[in-house]
Amino acid sequence: ELTPDEIKKNERKRIRKERLSMMKSMSPESKKKQSGEILERLTVMPEYAAANSVFCFLPLPEEIDTLPIVRHALAAGKEVYVPYCIPSTKALGLAKIKDPISDVAPGILNIPEPDKSLYVDTKPEAIDFFIIPGVAFDYELTRLGRGAGYFDIFLAPLKGKKPLAAIAFEEQLYPYTIPKYDHDISPDWVVTPGN
């Protein structure tokens with residue numbers, strides 16, 4: 001007999017696996033098209049336009065290509081901060097980048113990470129706008145990540161104080177309710193190609 005917590009954990013695992021598999025099976029054309037539409041929708045948001053500084057995750061191969069977003073922000077004169085993992089504490093550190101290609105290399109779990117020389121002590125609270133990842137989202141804005149907890153820990157002090165925009169392919173939208181934990185941090189918006 002499974003406990004309610006085990007049922008919740010198994011369901012989250014199942015949804016995560018299903019959505020990751022859907023993301024991995026997307027065609028390059030669909031990814032490119034949806035990434036472009038997301039860029040268009042995101043960059044017209046008043047909260048993004050007004051921001052002097054932006055936090056943006058760097059993408060894994062199956063995720064939305066965020067490099068055009070980073071380029072757009074830099075071209076608009078915004079400061080751009082990207083995360084790097086600190087495995088010992090499950091924390092995310094910040095680096096300030098000027099070039100999304102030359103300033104970045106594959107890091108832990110093959111996740112792109114910024115060059116160590118670009119690490120900064122900037123507090124997340126000093127950044128104006130946050131663009132965050134996830135594996136699946138439901139219509140109540142529940143965010144399901146990869147399960148390591150890095151982003152929930154990082155975003156907890158910012159929730160309700162800073163604009164948090166998740167970005168997602170249509171394939172990442174889950175039509176039912178995703179079981180959530182108290183420590184799960186939901187974004188303020190989930191920006192998709194069609195919403």
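Please refer to the structure placed before this passage.
How each quantity is defined
- Residues numbered from 1 in each chain as written.
- Predicted model: local features only at pLDDT ≥ 70, side-chain atom pairs only at ≥ 80, totals over all residues.
- Heavy atoms only, no water.
- Salt bridge = Lys/Arg side-chain N within 4 Å of Asp/Glu carboxyl O.
- Helix = DSSP H or I, 4+ residues; strand = E, 2+ residues; numbered from the N terminus.
- Buried < 20%, exposed > 50% of the residue type's maximum accessible area, 1.4 Å probe, protein only.
- Phe/Tyr/Trp six-rings, centres within 6.5 Å; stacked < 30°, edge-to-face > 60°.
- Lys NZ or Arg CZ within 6 Å of the ring centre and 35° of its normal.
- Polar contact = N/O pair within 3.5 Å; in protein donor to acceptor, adjacent residues only side chain to side chain.
- Contact = heavy atoms within 4.5 Å.
- Pairing = 2+ DSSP bridges.

Engineer: So what exactly am I meant to see when it comes to the pattern of salt bridges here?
Structural biologist: Side-chain pairing between opposite charges can occur once the charged atoms of the two side chains come close. The full count for this structure, using the stated rule, is ten salt bridges. When the shortest N-O distance is used, the salt bridge between Glu18 and Arg14 registers 3.1 Å. Here Glu18 pairs with Arg14, and both are found in helix H1 (residues 4-24), just four residues apart, close to one helical turn. Accessibility expressed as a relative area gives 28% for Glu18, which makes it partly exposed. Taking the relative accessible area as the measure of exposure, Arg14 reaches 36% and is therefore partly exposed. For the salt bridge of Arg146 with Glu62, the shortest nitrogen-to-oxygen distance reads 2.8 Å. Here Arg146, found in the loop between strand S9 (143-144) and helix H5 (150-155), pairs with Glu62, found in the loop between strand S1 (53-56) and helix H4 (67-75); they are 84 residues apart in sequence, far enough to count as distant. Here the salt bridges do not stand alone but share partners, grouping Glu11, Arg14, Glu18 and Arg19 into one network.

Engineer: For this particular structure, what's the right way to read the packing of aromatic side chains?
Structural biologist: Geometry of an aromatic ring pair is reported as the spacing of the ring centres plus the angle between the planes. The full count for this structure, using the stated rule, is nine aromatic pairs. Pairing Phe151 with Phe154 gives two aromatic rings, centres 6.4 Å apart and planes at 85 degrees, and the pair type is edge-to-face. Here the residue Phe151 and the residue Phe154 both occupy positions in helix H5, the gap between them amounting to three residues, near one helical turn. Residue classification places Phe151 among the buried positions, given a relative accessible area of 12%. The lysine or arginine in question, Lys78, covers the ring of Tyr48, its NZ or CZ lying 4.7 Å from the ring centre.

Engineer: It is not clear to me how the side chain of Arg19 should be interpreted in this structure. Could you clarify?
Structural biologist: Inspection of the secondary structure assignment puts Arg19 in helix H1. Take Arg19: its relative accessible area is 8%, and that puts it in the buried class. A polar atom in the side chain of Arg19 sits 2.9 Å from the backbone oxygen of Leu173. Apart from residues no more than four positions distant in its own chain, Arg19 is found in contact with Val135, Ala136, Glu171, Gln172, Leu173, Tyr174 and Pro175.

Engineer: Got a minute to help me understand the pairing of strand S10 (residues 164-167) in this structure?
Structural biologist: Looking along a regular strand, one sees side chains alternate from face to face of the sheet. With burial as the criterion, each face of S10 is covered, one bearing Leu164 and Ala166 and the other bearing Ala165 and Ile167. Across three bridges, strand S7 (residues 129-132) lies against S10 in parallel orientation. Residue pairing in the sheet places Ile132 in a bridge with Ala166 of S10. Both S10 and strand S11 (residues 189-191) contribute to a ladder of three bridges, which runs parallel. Its bridge partner lying in S11, Ala165 is registered against Trp189.

Engineer: Sorry if this is basic, but what is going on with the environment of Pro68 here?
Structural biologist: Structurally, the position occupied by Pro68 is in helix H4. Taking relative accessible area as the criterion, Pro68 reaches 28% and is therefore assigned partly exposed. Sequence separation between Pro68 and Ile132 is 64 residues, and the spatial gap between their C-alpha atoms is 15 Å.

Engineer: Any chance you could explain the side chain of Thr142 here in plain terms?
Structural biologist: Looking at where Thr142 falls in the secondary structure, it is placed in the loop between strand S8 (136-137) and S9. The exposure class of Thr142 is buried, given its relative accessible area of 1%. Contact partners of Thr142, with chain neighbours within four places excluded, come to Ala136, Phe137, Ile178, Lys180 and Ser186.

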